[in-house]
Amino acid sequence: DVKVTQSSRYLVKRTGEKVFLECVQDMDHENMFWYRQDPGLGLRLIYFSYDVKMKEKGDIPEGYSVSREKKERFSLILESTSTNQTSMYLCASQAGTGIRETQYFGPGTRLLVL
Amino acid sequence: AQSVTQPDIHITVSEGASLELRCNYSYGATPYLFWYVQSPGQGLQLLLKYFSGDTLVQGIKGFEAEFKRSQSSFNLRKPSVHWSDAAEYFCAVLDTPLVFGKGTRLSVIA
C-alpha cells in the first residue's frame, strides 16, 4: 500500500512565525503536491513537483514556498505566517507522468495561526 | 481551463436509502474524471475514476458513477447508504494536475 505521511496532524502558530510542513511518501513516486482545503472552497493547489529540485506553482502559491531535495520528501514552507493561512494542508503523491495515475493523499495537517 | 461544479454543498440521506451526488465538468475533449472521499479527519481516498470505455464505472465501497457526455456530468451513486458513508465527497477532473470541485458533505441519519 502507498503511504503518504505528514509530519504533524495539528499545529498552532503565531502570526509571523515560520512553519515547515513535511510530506514523505514511501513508493518512489515522481510527483508530489501540496493543497490547502477550506470550507466551501474545496481543495486548491499550492505547489507541485514532478522531480527532485523541481517545482511548479499551482493556483495559490502566494505566501508559500516548497523544497524537494529528495524524491520521497516534499516540504511546504510558510516564511511568515498570517491568520489567513489557517487551513487544512494536504499532501499527495503520484507515480510517473501518466495521466491515469492515482493521487494518494496524506492525512492532512490542520494549521491554526493566531 | 477545466472546471468542476458540485451543485450540492450538503446532502442528508437516511441509512439504507439510495444516494446520488452530482458533478458537472467543463472541458472540450474527453475528460478524465475522479471521485474522492474524505472521512472526518482523514486525507482523500480514491473511490473511482473514468478515462474511457464503459460509461458506468464501478468503484470501492459499493459506489458507482456514470459518465454522460451529453450532460457533462459524472454523478456518483450508491444504492443503499451506510452510516459509515458520512463524509465529504470530491469530484475532480484532470487538467495536469487535478482540478477539484468544492465538495459535497454527506450526512447519514438513522
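Residues numbered from 1 in each chain as written. Chains lettered and ligands numbered in written order. Predicted model: local features only at pLDDT ≥ 70, side-chain atom pairs only at ≥ 80, totals over all residues. Heavy atoms only, no water.

### Remarks on the overall build of chain A
Part 1: Within chain A one finds zero helices and eleven strands.
Part 2: Order of helices (α) and strands (β) in chain A, N terminus to C terminus: β-β-β-β-β-β-β-β-β-β-β.
Part 3: For 114 residues, the compact-globule estimate of 2.2 N^0.38 gives 13 Å, and chain A sits close to it at 13 Å.
Part 4: In terms of principal-axis extent, the alpha carbons of chain A reach across some 40 × 30 × 25 Å. (Helix = DSSP H or I, 4+ residues; strand = E, 2+ residues; numbered from the N terminus. Rg over C-alpha atoms; globule rule 2.2 N^0.38 Å.)

### Topic: the overall build of chain B
Part 1: Regarding its fold elements, chain B presents zero helices and twelve strands.
Part 2: Start at the N end of chain B and walk to the C end: the helices and strands fall as β-β-β-β-β-β-β-β-β-β-β-β.
Part 3: Rg of the C-alpha trace for chain B: 13 Å, near the compact-globule value of 13 Å for 110 residues, within the 12% margin.
Part 4: When its C-alpha atoms are laid out on the principal axes, chain B stretches across 40 × 25 × 20 Å.
Part 5: The burial tally for chain B puts 47% of its 110 residues in the buried class.
Part 6: In chain B, 53% of the contacts between residues at least 6 apart in sequence involve partners at least 24 apart.
Part 7: For chain B, the distance from the average position of its 9 positive side-chain charges to the average position of its 9 negative side-chain charges is 3 Å. (Buried < 20%, exposed > 50% of the residue type's maximum accessible area, 1.4 Å probe, protein only. Contact = heavy atoms within 4.5 Å. Lys, Arg positive; Asp, Glu negative; His and termini not counted. Charge placed at Lys NZ, Arg CZ, Asp CG, Glu CD.)

### Structural notes on the pairing of strand E3 (residues 19-25) of chain A
Residue and element names in this part refer to chain A.
Part 1: What you see with E3 is a clean split: Val19, Leu21, Cys23 and Gln25 sit on the buried side and Phe20, Glu22 and Val24 on the side with no burial.
Part 2: Sheet analysis places strand E1 (residues 4-6) next to E3, joined by three bridges and oriented antiparallel. The residue of E3 that forms the bridge with Thr5 is Val24.
Part 3: By the bridge criterion, six bridges tie E3 to strand E8 (residues 73-78) in an arrangement that is antiparallel. Across the sheet, the residue bridging to Cys23 is Phe74, located in E8. (Pairing = 2+ DSSP bridges.)

### Observations regarding the interface of chain B and chain A
One frequently used descriptor of interface size is the decrease in accessible area upon assembly of the parts.
Part 1: Taken together, the contacts link 21 residues of chain B with 19 residues of chain A.
Part 2: Of the roughly 1,600 Å² buried between chain B and chain A on both sides combined, carbon and sulfur atoms contribute 59%.
Part 3: Those elements that place two or more of their residues in the side of chain B that touches chain A are strand E5 (33-38), strand E6 (44-50), strand E10 (87-94) and strand E11 (98-100) of chain B.
Part 4: When its residues are assigned to classes, the side of chain B that touches chain A shows eleven nonpolar, seven polar and three charged. (Buried area = accessible area lost by both parts, 1.4 Å probe. Nonpolar A, V, L, I, M, F, W, Y, C, P; charged D, E, K, R; others polar.)

### Considering the nonpolar core
All names here are of chain B.
Part 1: Counting residues in hydrophobic clusters, the biggest one holds 26 residues, and the most contacted among them are Leu19, Trp35, Leu47, Leu48, Phe74, Leu76 and Tyr89.
Part 2: The biggest single contributor to this core is E10, with four residues.
Part 3: Those residues in contact with Leu48, other than ones at most four positions away along the chain, are Leu33, Phe34, Trp35, Val57, Gln58, Gly59, Phe63, Glu64, Ala65, Phe74 and Leu76. (Core = buried A, V, L, I, M, F, W, Y, C linked by side-chain atoms within 4.5 Å.)

### Quick notes on the state of the cysteines
Residue and element names in this part refer to chain A.
Part 1: Counted by the stated rule, this structure contains two disulfides over all chains.
Part 2: Between the sulfur atoms of Cys23 and its disulfide partner Cys91 the distance amounts to 1.8 Å. Taking the torsion about the sulfur-sulfur bond, which here is approximately -75°, the covalent link between Cys23 and Cys91 counts as left-handed. Of this pair, Cys23 sits in strand E3 while Cys91 sits in strand E9 (residues 87-94); the two residues are 68 residues apart in sequence, bridging distant segments of the chain. Each of the two residues, Cys23 as well as Cys91, counts as buried. (Disulfide = S-S within 2.5 Å.)

### Observations concerning the pattern of salt bridges
Part 1: Scanning all chains against the criterion turns up eleven salt bridges over all chains.
Part 2: Asp38 of chain A serves as the salt-bridge partner of Arg44 of chain A, at 2.9 Å between the closest nitrogen and oxygen.
Part 3: A salt bridge links Lys78 of chain B to Asp85 of chain B; its shortest N-O distance comes to 2.8 Å. The pair formed by Lys78 of chain B and Asp85 of chain B is uniform in burial state, with each residue classed as buried.
Part 4: Through salt bridges with shared partners, a single ionic network connects Asp28, Glu30 and Lys71 of chain A. (Salt bridge = Lys/Arg side-chain N within 4 Å of Asp/Glu carboxyl O.)

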